[in-house]
Amino acid sequence: MPETVAGRVRDLGATLMHEHVFGLSPEILWNWPDVPEGWDLERRAGEAAARLESLKDHGIDTIVDLTVVGLGRFVPAVQRVAELTRVNIVAATGLYTYDALPPYFGNRGPGSLFGGPDRLAEFFVRDIAEGIGRTGVKAAILKCASDHLGMTAGCERVFRAVAEAHLETGAPISTHSHSASRGGLAQQELLASLGVDLTSVIIGHAGDSTDLGYLQDLLRNGSYLGMDRFGIETISSFESRVATVAALAERGHAGRMVLGHDSYCFNDRFDPDVVRRRHPNYHLLHISRDVLPELRRRGVTEEQIHQMLVGNPRTIFAGSAK
Ligand SMILES: [Zn+2]
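Caption draft 1: Highlighting the pattern of salt bridges. Using the criterion set out here, one finds 25 salt bridges in the structure. When the shortest N-O distance is used, the salt bridge between Arg86 and Asp57 registers 3.1 Å. Of this pair, Arg86 sits in the loop between α3 (75-84) and β5 (88-94) while Asp57 is found in helix α2 (residues 41-57), placing the two residues 29 residues apart along the sequence. Here Arg86 falls in the partly exposed class, since its relative accessible area comes to 45%. Assessed through its relative accessible area of 58%, Asp57 is described here as exposed. Measuring nitrogen to oxygen at the nearest pair gives 2.9 Å for the salt bridge that ties Arg73 to Asp127. Placement of the pair is Arg73 in the loop between β4 (62-65) and α3 and Asp127 in helix α5 (residues 120-129), with a sequence separation of 54 residues. Three or more residues joined by partner-sharing salt bridges are found here, namely Arg182, Asp211, Asp217 and Arg220.

Caption draft 2: Quick look at the coordination of the zinc ion. With distances of 2.1 Å, the protein atoms coordinating the zinc ion are His18 (NE2), His20 (NE2) and Asp262 (OD). Between consecutive donors of the zinc ion, the numbers of intervening residues give the motif H-x1-H-x241-D. His20 shares its class with His18; the two are buried.

Caption draft 3: Molecular detail of the side chain of Arg157. Its location among the elements puts Arg157 in helix α6 (residues 153-169). Take Arg157: its relative accessible area is 18%, and that puts it in the buried class. Only 2.9 Å separates the side chain of Arg157 from the side chain of Asp118, close enough to count as a polar contact. If sequence neighbours within four positions are ignored, Arg157 has contacts with Leu101, Phe105, Gly106, Arg108, Gly109, Asp118 and Leu120.

Caption draft 4: Just the sheet that holds strand β11 (residues 264-267), in detail. One open sheet accounts for nine strands, arranged β10-β9-β8-β7-β6-β5-β4-β3-β11; its pairing is parallel. For this open sheet the edge positions go to β10 (257-259) and β11, each flanked by a neighbour on one side alone. Across the sheet, the mean angle from the axis of one strand to that of its neighbour is 30 degrees, orientation sign disregarded. As paired strands, strand β3 (residues 15-23) and β4 are joined by three bridges and run parallel to one another. Bridge assignment links Thr15 to a residue of β4, and that residue is Thr62. Contacts between α3 and the sheet are confined to β3, β4 and β5, with β3 contributing the most and set at about 120 degrees to the helix. Along the sheet, α5 contacts β5 and β6 (141-145); its crossing angle with β5, the most-contacted strand, is approximately 160 degrees.

Parameters at a glance
Residues numbered from 1 in each chain as written. Predicted model: local features only at pLDDT ≥ 70, side-chain atom pairs only at ≥ 80, totals over all residues. Heavy atoms only, no water. Salt bridge = Lys/Arg side-chain N within 4 Å of Asp/Glu carboxyl O. Helix = DSSP H or I, 4+ residues; strand = E, 2+ residues; numbered from the N terminus. Buried < 20%, exposed > 50% of the residue type's maximum accessible area, 1.4 Å probe, protein only. Donors = N, O, S within 2.8 Å, 3.2 Å for Na, K, Ca; no water. Polar contact = N/O pair within 3.5 Å; in protein donor to acceptor, adjacent residues only side chain to side chain. Contact = heavy atoms within 4.5 Å. Pairing = 2+ DSSP bridges. Axes fitted to C-alpha atoms, helices over the stretch in contact; angles between N-to-C directions.

Below is the structure:
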């Protein structure tokens, strides 16, 4: 039975595998609480829950909230949202950086200023086994990132810690990858060298790519592809994203794709008006309203859609649900 923010559930149902509830900037909130995009927990929780309720009405039962340290994770607020919505929210642990580690971690660990043990894996395991902070909410998935800079020393430390926590807990791994530089392959290579079975890994943002050769290389190595930025059309258009999923489904890979928008219910780093103007489809309902009908029109079967939304997420979380 997979862990969610509201506790264990029997089945996750139709699941969007890469979303975010809140992206927050704690130091801004502490020091300039009156900025217009400022934080009011009850208000923001109510708004987020309303969005999720609408998602439920559009046939989605669960979102995986891949907000980890580095993105402003604040689980007490997500817990409040979970009280207000029927949608399951799966929490993540891990660390989000494209380059160096935050100094708290960067100054510690082997070869660093103060040396000592690398505590990243210990923190990640704690989030999964005991719960996050004092909330009792257990993380059910691990997140790590590398981007256009490649596998920097900081990123590599996160990947090593994520691999260690995965091997200890069985929690699956979801990455942020840079498709333009085929960055998923280096992620797979490193994780495999650390003993991770790549069938437990989702290469996130693979759906930014239209390079079927690259995507099939990732699939051949065993991982799931995160077709998870529907609506971010400045990186890849609706047409390209849908065509790529349809082409891979036609080649028999529906069993290895998962869907999402990488959206936020609220992110204080975003200007909501500009986001709406530039990315009118960047919202939680885009897949239900626009993407699935278009996939069906292109010959993707109900069975394949069910596989991507229900079957694959169920399999991915089965490993950690001991
Ligand atoms: Zn994301």
